[in-house]
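Each chain is listed here by its residues.
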Amino acid sequence: IPIAVFASGSGSNFEALVERAGEGPTYNVSLLVCDQPEAAVIEKARRFGIDVFSFRSKDYPDKATFESEILQKLRDKSIEWCVLAGYMRLIGPTLLRAYEGKIFNIHPSLLPAFPGKDAIGQALDAKVKVTGVTVHFVDEGMDTGPIIEQIPVRIEGDRTRLQHDIQRVEHDLYPTVVKQCIKGEKAT
Ligand code: GRF
């Protein structure tokens, strides 16, 4: 089943999704969509031989226009599911309507706590003892869609340690949940 990963940054979750695709025939990462042409994730995709659609939002008059172009690329590759992995942008109506209930996101907190940017920093500032990772379906809001799975992570050190602990959970959880949902074994 062809899926697209949307990412804007370093792409460690992209890499985990690609590496875990090989375990059993469920999904195939057929396209990377990236809105930051200099992002490290692009080099990772090239190394895996995965096609990339990269663009700069400022080259388009509005979101509807660049999302229409993304949609065309998704259709060209018969993409069935979209997996957001650090795509730092809200998905607009063009993509939401075309892929209703078929867009995943991963967020480094136990939503609805700490939505938006720098969820890890928000958790540290709030001095909570436990934060975590959430995988959810995407709707028009910022980190608001129906929750599929959550894993708690205890805060046991500084920011670097917490980032590391969260990433370890993310890299295992995201491919697992995406596979289960695609197979129809899991829902919200
Ligand atoms: C992850 O922490 C994810 O939860 C958030 O963005 C980050 C992406 O990191 N949505 P990476 O580019 O996959 O390393």
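Conventions we followed
Residues numbered from 1 in each chain as written. Predicted model: local features only at pLDDT ≥ 70, side-chain atom pairs only at ≥ 80, totals over all residues. Pairing = 2+ DSSP bridges. Helix = DSSP H or I, 4+ residues; strand = E, 2+ residues; numbered from the N terminus. Axes fitted to C-alpha atoms, helices over the stretch in contact; angles between N-to-C directions. Contact = placed C-beta atoms within 7 Å. Buried ≥ 20, exposed ≤ 12 C-beta atoms within 10 Å, placed from the backbone. UniProt positions renumbered as here; feature names shortened; annotations may be inferred.

K.L.:
Hey, could you run me through the sheet that holds strand S6 (residues 130–137) in this one?
P.N.:
Whenever strands of a sheet pair, they do so through backbone hydrogen bonds, lying parallel or antiparallel. One open sheet holds the 7 strands; their spatial order is S3-S2-S1-S4-S5-S6-S7, and the pairing between them is mixed. Bordering the open sheet on either side are strand S3 (51–54) and strand S7 (147–154), each of which pairs with just one other strand. The sheet shows a mean angle of 20° between the axes of neighbouring strands, taken without regard to direction. Examined bridge by bridge, strand S1 (residues 2–6) and strand S2 (residues 28–34) share 5 bridges and lie parallel to one another. Bridge pairing links Phe-6 to Val-33 in S2. Together, S2 and S3 form the strand contacts of helix H2 (residues 40–48), whose direction differs from that of S2 by roughly 150°.

K.L.:
What am I meant to see in unusual backbone geometry here?
P.N.:
Of all residues except glycine, most have a negative phi; of all peptide bonds, most are trans. Of note, the amide linkage connecting Leu-111 to Pro-112 takes the cis form, showing an omega dihedral of 10°. With respect to the element layout, Pro-112 can be found in the loop between strand S5 (103–107) and helix H5 (119–126). Located in the positive-phi region is Phe-114, a residue other than glycine, with phi close to 55°. With respect to the helices and strands, the residue Phe-114 is situated in the loop between S5 and H5. When the 24 C-beta atoms within 10 Å are taken as the criterion, Phe-114 is described as buried. In this structure, Asp-143 takes a positive phi of about 60° despite not being glycine. Structurally, Asp-143 is set in the loop between S6 and S7.

K.L.:
Help me out: how do you make sense of the UniProt feature "site: Raises pKa of active site His" (unreviewed entry) in the chain in this one?
P.N.:
This chain's UniProt record puts "site: Raises pKa of active site His" (unreviewed entry) on Asp-143. Once residues lying within four places of it in the same chain are set aside, the contact partners of Asp-143 are Asn-105, His-107, Leu-111, Pro-115 and Gly-116.

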